[in-house]
Amino acid sequence: MTHVEDELTSQPECWTRAAAEAERHRGTLPAPGERVAIVGCGTSYFMAQAVAALREGAGLGETDAYAASEFPHGRSYDRVLALTRSGTTTEVLELLGELKGRTRTTAITADPHTPVMQAADDVVVLDFADERSVVQTRFATTALTLLRAHLGLHTDAVVADARAALSTPLPEGLVACTQFTFLGRGWTVGLANEAGLKMREASLAWTEAYPAMEYRHGPISITTRGTATWMLGDAPDGLAEQVRATGGLWIAGDLDPLAELVRAQRLAVAVAAARDLDPDRPRHLTRSVILTP
């Protein structure tokens, strides 16, 4: 078993623990009514997109998501929340340094022995969800679960769906597809982006991601036999039928969208195995992007 397989299968336990700890971190996480920006890089950026949509959709305050390198310094926020598994990513540390003394910052990380511990005003450490694989799985979803619980949007049903996602076989013919598209709506657009990233990282697969309603505006033209379109969450009316009419494989997201992401992680590992690739060591990637001056 690869590290990433071992880590992705531990997600139900990680989520349960994170949800139980959410109350303890209430004072360091964004409060209702605060104007918040959530930042990250790669996977963490896509989790930021999901959390921002969830928080603002719940009426808890204006919330934006940015890649750390694209933070708009001309905007004012009550708090900036940084997601960083490694605690060493250059763009995140530089941004936190620039905000020091001007804007309150909170970081969620997996490693308590890294520079982010001093760079942020407040830190939440999820060391039980740290990973050995370069490819992120459980840290990202555990951080999102912590924040869903903080927002009052997590239930035990999510964990049950994650267990189902791990125990149920992948749809027949899916691994053999040559192109994959993930779709989302609202907060699940970020999850769709992350599912696509997992496929590209682990299996070098041709993968795209879009807001579901945008799929009709051009991207559906690539769908044909041998391609798969996977919906995370509820699909727009008629879209499944349109995809099937192209000859493509339609995958409905019947589980909680975060559990559907677990299924997509499993797919990435399965496609990597079919292509004789090591998903723990993706091409040209490292655990953290650390830029030299």
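Because the structure is predicted, anything quoted here is derived from the model rather than measured. (Residues numbered from 1 in each chain as written. Predicted model: local features only at pLDDT ≥ 70, side-chain atom pairs only at ≥ 80, totals over all residues. Heavy atoms only, no water.)

Caption draft 1: Structural context of unusual backbone geometry. The residue L204 is not glycine, and still its phi comes out positive at about 55°. With respect to the element layout, L204 can be found in the loop between α8 (188–203) and β7 (206–211). (Helix = DSSP H or I, 4+ residues; strand = E, 2+ residues; numbered from the N terminus.)

Caption draft 2: A look at helix α6 (residues 138–150). With 13 residues, α6 should cover 18 Å at 1.5 Å per step; its first-to-last C-alpha distance of 18 Å lies within 8% of that length. Where burial is concerned, most of α6 is hidden: 12 out of the 13 residues are buried. When α6 is considered as a whole, its buried residues turn out to be R138, F139, A140, T141, T142, A143, L144, T145, L146, L147, R148 and H150. (Expected span 1.5 Å × (residues − 1). Buried < 20%, exposed > 50% of the residue type's maximum accessible area, 1.4 Å probe, protein only.)

Caption draft 3: Highlighting the packing of α8 against helix α10 (residues 257–274). Two numbers describe how α8 lies on α10: the axes approach to 8 Å, and their chain directions differ by 15°. Of the possible angle classes, the one that applies to α8 and α10 is roughly parallel. Crossing angle aside, the handedness with which α8 passes α10 is right-handed. Counted together, T188, L191, E194, A195, K198, M199, A202 and S203 of α8 and P257, L258, L261, A264, Q265, L267, A268, V271 and A272 of α10 form the full contact between these two elements. (Axes fitted to C-alpha atoms, helices over the stretch in contact; angles between N-to-C directions. Parallel < 35°, antiparallel > 145°, perpendicular 65-115°, else oblique. Left-handed = near helix turned anticlockwise from the far one by under 90°. Contact = heavy atoms within 4.5 Å.)

Caption draft 4: Fine view of the pattern of salt bridges. The final tally for this structure, using the stated rule, is 15 salt bridges. With a shortest N-O distance of 3.2 Å, E62 and R35 are connected by a salt bridge. Of this pair, E62 sits in the loop between α3 (43–57) and β2 (63–67) while R35 sits in the loop between α2 (11–21) and β1 (36–40), and the two are 27 residues apart along the sequence. Note that E260 is salt-bridged to R263, the shortest N-O span being 2.9 Å. With a gap of 3 residues between them, E260 and R263 both fall in helix α10, about one helical turn apart. The exposure class assigned to R263 is buried, which follows from its relative accessible area of 11%. (Salt bridge = Lys/Arg side-chain N within 4 Å of Asp/Glu carboxyl O.)

Caption draft 5: Inspection of the sheet that holds strand β5 (residues 122–125) at higher detail. Across the sheet, 5 strands lie side by side as β2-β1-β3-β4-β5; this open sheet has parallel pairing. What marks the edges here is a single partner per strand, and that holds for β2 and β5. Strand-to-strand, the axes of this sheet are offset by a mean angle of 20°, without reference to chain direction. Summarising the sheet, β1 and strand β3 (residues 79–84) pair through 4 bridges and their orientation is parallel. Bridge pairing in β3 links I38 to L81. Against the sheet, α3 makes contact with β1, β2 and β3, and its axis sits at roughly 170° relative to β2, the strand it touches most. (Pairing = 2+ DSSP bridges.)

Caption draft 6: The pairing of strand β6 (residues 179–184), seen in detail. Of all 6 residues that make up β6, 6 are buried, and the element is covered over most of its length. Neither face of β6 is exposed, since Q179, T181 and L183 on one face and F180, F182 and G184 on the opposite face are all buried. Chirality of the crossover, the property in question, places the unit of β6, α8 and β7 among those that are right-handed. Across 5 bridges, the pairing between β6 and strand β8 (residues 227–231) is parallel. Note that in β8 the partner of L183 across the bridge is M231. (Right-handed = clockwise from strand over helix to strand, strands pointing away.)

Caption draft 7: Representation of the pairing of β7 within the structure. Summarising the sheet, β6 and β7 pair through 6 bridges and their orientation is parallel. Paired with T181 across the strands is E208, a residue of β7.

Caption draft 8: Quick peek at the nonpolar core. Core analysis: the biggest nonpolar cluster contains 56 residues, and I108, L126, L144, F180, F182, L191 and L267 have the highest contact counts within it. Per-element accounting of this core gives the leading share, 8 residues, to α10. Once residues lying within four places of it in the same chain are set aside, the contact partners of I108 are L29, L81, A82, L83, T84, V124, L126, F139, A143, L146 and L147. Grouped together as the second largest cluster of nonpolar side chains are 16 residues, A37, V39, L96 and L99 included. (Core = buried A, V, L, I, M, F, W, Y, C linked by side-chain atoms within 4.5 Å.)

Caption draft 9: Region of the structure containing the side chain of Q265. With respect to the secondary-structure elements, Q265 resides in helix α10. Within the structure, the side chain of Q265 is placed 2.8 Å from the side chain of Q11, a separation counted as a polar contact. The contacts of Q265, once residues within four sequence positions are left out, are L8, Q11, T137, T141 and K198. (Polar contact = N/O pair within 3.5 Å; in protein donor to acceptor, adjacent residues only side chain to side chain.)

Caption draft 10: Fine view of the environment of D122. Tracing the backbone shows D122 in strand β5. With residues up to four places along the chain from it excluded, the contact list for D122 reads T28, R79, R104, T105, T106 and A107.

Caption draft 11: Geometry of the packing of aromatic side chains. With the rule as written, the count across this model stands at 6 aromatic pairs. Measuring from centroid to centroid gives 5.9 Å for F71 and Y77, while their planes differ by 50°, and the two rings are tilted. Classification of F71 as buried rests on a relative accessible area of 8%. For Y77, a relative accessible area of 6% gives the class buried. Taking the centre distance of 6.3 Å and the plane angle of 40° together, the rings of Y210 and Y215 count as tilted. Here the aromatic residues Y66, F71 and Y77 are joined through ring pairs into a cluster of three or more. Sitting above the plane of the Y77 ring, R35 keeps its charged end 4.7 Å from the centroid. (Phe/Tyr/Trp six-rings, centres within 6.5 Å; stacked < 30°, edge-to-face > 60°. Lys NZ or Arg CZ within 6 Å of the ring centre and 35° of its normal.)

That's the geometry; what it means functionally is another story.
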